[in-house]
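Structure assessment
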Amino acid sequence: FRLVVLVSGSGTNLQALLDAASDDAYGATVVAVGADRDDIEGLARAGRAGVPTFVERVGDHSTREEWDESLAERIAGHRPDLVVSAGFMKILGPRVLAAFPVVNTHPALLPSFPGAHAVRDALAYGVRVTGCTVHLVDAGVDTGPVIAQEAVPVREGDDEESLHERIKTVERGLLVEMVGRMAREGWTTTGRTVRLGTARA
Ligand code: GRF
C-alpha cells in the first residue's frame, strides 16, 4: 500500500509515518514525500529515510491551476494508493483531489477552528479542550468527512507552542493508527461517514 506524504514544515507527522512504515506489519510504505517549498526539515527527514522527494512551488507556476496540474502529475508518478497531507500548508486543487484519495491531519476538533491557525485560534477563544482531527480532504478548507478525532486538554499558561506540541503528540499517533488501518482494512465513504474495512459484498 503506497503512500505519498505532503509536507510544508518540520515533518514530525511524516517522521511518525516513516517510523511506523519501517515495520512490514504496518501494511503501508512511504514511497515519496512532496513539499511546496525547499529547505524544510520534512524533506531532510525523507532524505535520511532514503525516500524520494519532490518540490512543487506555487510561485514557480503562472497560475494556481498549473500548480495543481503539475502537483497531480508529480504525485501520480509515484502511483500512490493514498496521499497524506501532514502539515501541508496549501489548499489542494481539484486535479489532485480528482486523482487520489487524500487524508489530512488538523490540530483542532473540526469543525471548530479550521484553517492555518487552528491552535492560535483555539487559545484565543479560550477553549478548555481542543484536539486533532484526521479527515478525508474535499474541495473545502478542512471540511472533508471525519475519520477520527482525539481530545487534548488546554492547560494553564499554555501558549501556541506548548499547546500545539501537546496536540502533536496525540495527532501523530492518531494519524499513524488511521492510515495503517486504511491500508490494511480499506475504507468506504458514504456521505460524511467514513467506515473502515471494505464494504460487505
Ligand atoms: C500539524 O499539527 C498539522 O496538523 C498542522 O501542522 C502541523 C505539522 O506538523 N497542519 P509537522 O510538520 O508534522 O511537525
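Residues numbered from 1 in each chain as written. Predicted model: local features only at pLDDT ≥ 70, side-chain atom pairs only at ≥ 80, totals over all residues. Heavy atoms only, no water.

1. Regarding the UniProt feature "active site" (unreviewed entry) in the protein
In this structure's numbering, the residues bearing the UniProt feature "active site" (unreviewed entry) are His-106. In this fold, His-106 is placed in strand 5 (residues 102-106). Its relative accessible area of 3% is what places His-106 among the buried residues. Residues contacting His-106, with those up to four places away along its chain left out, are Phe-113, Pro-114, Gly-115, Ala-118, Gly-131, Cys-132, Thr-133, His-135, Asp-142 and Glu-171. (UniProt positions renumbered as here; feature names shortened; annotations may be inferred. Helix = DSSP H or I, 4+ residues; strand = E, 2+ residues; numbered from the N terminus. Buried < 20%, exposed > 50% of the residue type's maximum accessible area, 1.4 Å probe, protein only. Contact = heavy atoms within 4.5 Å.)

2. Details of the side chain of Arg-45
Here Arg-45 shows up in helix 2 (residues 41-48). No salt bridge forms around the buried Arg-45; measuring N to O, its nearest opposite-charge neighbour Glu-41 is 4.4 Å away. Among residues more than four places away in sequence, those in contact with Arg-45 are Ser-10, Gly-11, Thr-12, Leu-14, Gln-15 and Leu-18. (Lys, Arg positive; Asp, Glu negative; His and termini not counted. Salt bridge = Lys/Arg side-chain N within 4 Å of Asp/Glu carboxyl O.)

3. Considerations on the packing of aromatic side chains
Per the stated rule, a full pass over the model turns up 2 aromatic pairs. Between the aromatic rings of Trp-67 and Phe-88, the centroid separation amounts to 6.4 Å while the plane-to-plane angle is 10°, which identifies the pairing as stacked. In this pair, Trp-67 is assigned in helix 3 (residues 64-76) and Phe-88 in the loop between strand 4 (82-85) and helix 4 (94-99), connecting sequence segments 21 residues apart. The pair Trp-67 / Phe-88 is uniform in exposure class, with both members buried. Measuring from ring centre to ring centre gives 5.9 Å for Phe-113 and Tyr-125, while their planes differ by 65°; the resulting arrangement is edge-to-face. Of this pair, Phe-113 sits in the loop between strand 5 and helix 5 (118-125) while Tyr-125 sits in helix 5, and the two are 12 residues apart along the sequence. On the basis of relative accessibility, which here comes to 66%, the residue Tyr-125 falls in the exposed class. (Phe/Tyr/Trp six-rings, centres within 6.5 Å; stacked < 30°, edge-to-face > 60°.)

4. Quick look at the pattern of salt bridges
Enumeration according to the criterion identifies 11 salt bridges in this entry. As a salt-bridge pair, Glu-56 and Arg-74 come within 2.7 Å of each other at their nearest N and O atoms. Remark: Arg-74 occurs in helix 3 and Glu-56 occurs in the loop between strand 3 (53-55) and helix 3; sequence separation between them is 18 residues. Judged by relative accessible area, which is 7%, Glu-56 ranks as buried. Because the salt bridges share partners, they merge into one network encompassing Asp-36, Arg-37 and Lys-90.

5. Some remarks on the site of the ligand
Close to the ligand lie Ser-10, Gly-11, Thr-12, Asn-13, Gly-87, Thr-105, His-106, Pro-107, His-164, Lys-168 and Glu-171, which account for all nearby residues. Between the ligand and Ser-10 there is a distance of 2.6 Å, counted from an oxygen atom to a side-chain nitrogen or oxygen. Thr-105 places a polar main-chain atom, nitrogen or oxygen, 3.1 Å from an oxygen atom of the ligand. For the ligand, the protein covers 90% of the area, taking 370 Å² as the surface of the free molecule. Among the elements of the structure, helix 1 (12-21), strand 5 and helix 6 (160-185) are those that each provide at least two residues to the shell around the ligand. It is helix 6 that provides the largest number of residues to the shell around the ligand, a total of 3 residues. Considering only residue class, the shell around the ligand consists of 1 nonpolar, 8 polar and 2 charged. (Near = heavy atom within 4 Å. Polar contact = N/O pair within 3.5 Å; in protein donor to acceptor, adjacent residues only side chain to side chain. Areas by Shrake-Rupley, 256 points an atom, 1.4 Å probe, with all protein chains shown as cover. Nonpolar A, V, L, I, M, F, W, Y, C, P; charged D, E, K, R; others polar.)

6. Description of the packing of helix 1 against helix 6
Helix-helix packing is described using two parameters, namely the angle between the two axes and the distance between the axes. The contact between helix 1 and helix 6 brings their axes to 9 Å, and the two run at 45°. For the element pair helix 1 / helix 6, the angle class is oblique. Between helix 1 and helix 6 the crossing geometry is right-handed. The residues of helix 6 that touch helix 1, namely those facing Thr-12, Asn-13, Ala-16, Leu-17 and Ala-20, are Lys-168, Glu-171, Arg-172, Leu-175, Val-176 and Val-179. Of the residues assigned to the contact of helix 1 with helix 6, the class counts are 6 nonpolar, 2 polar and 3 charged. (Axes fitted to C-alpha atoms, helices over the stretch in contact; angles between N-to-C directions. Parallel < 35°, antiparallel > 145°, perpendicular 65-115°, else oblique. Left-handed = near helix turned anticlockwise from the far one by under 90°.)

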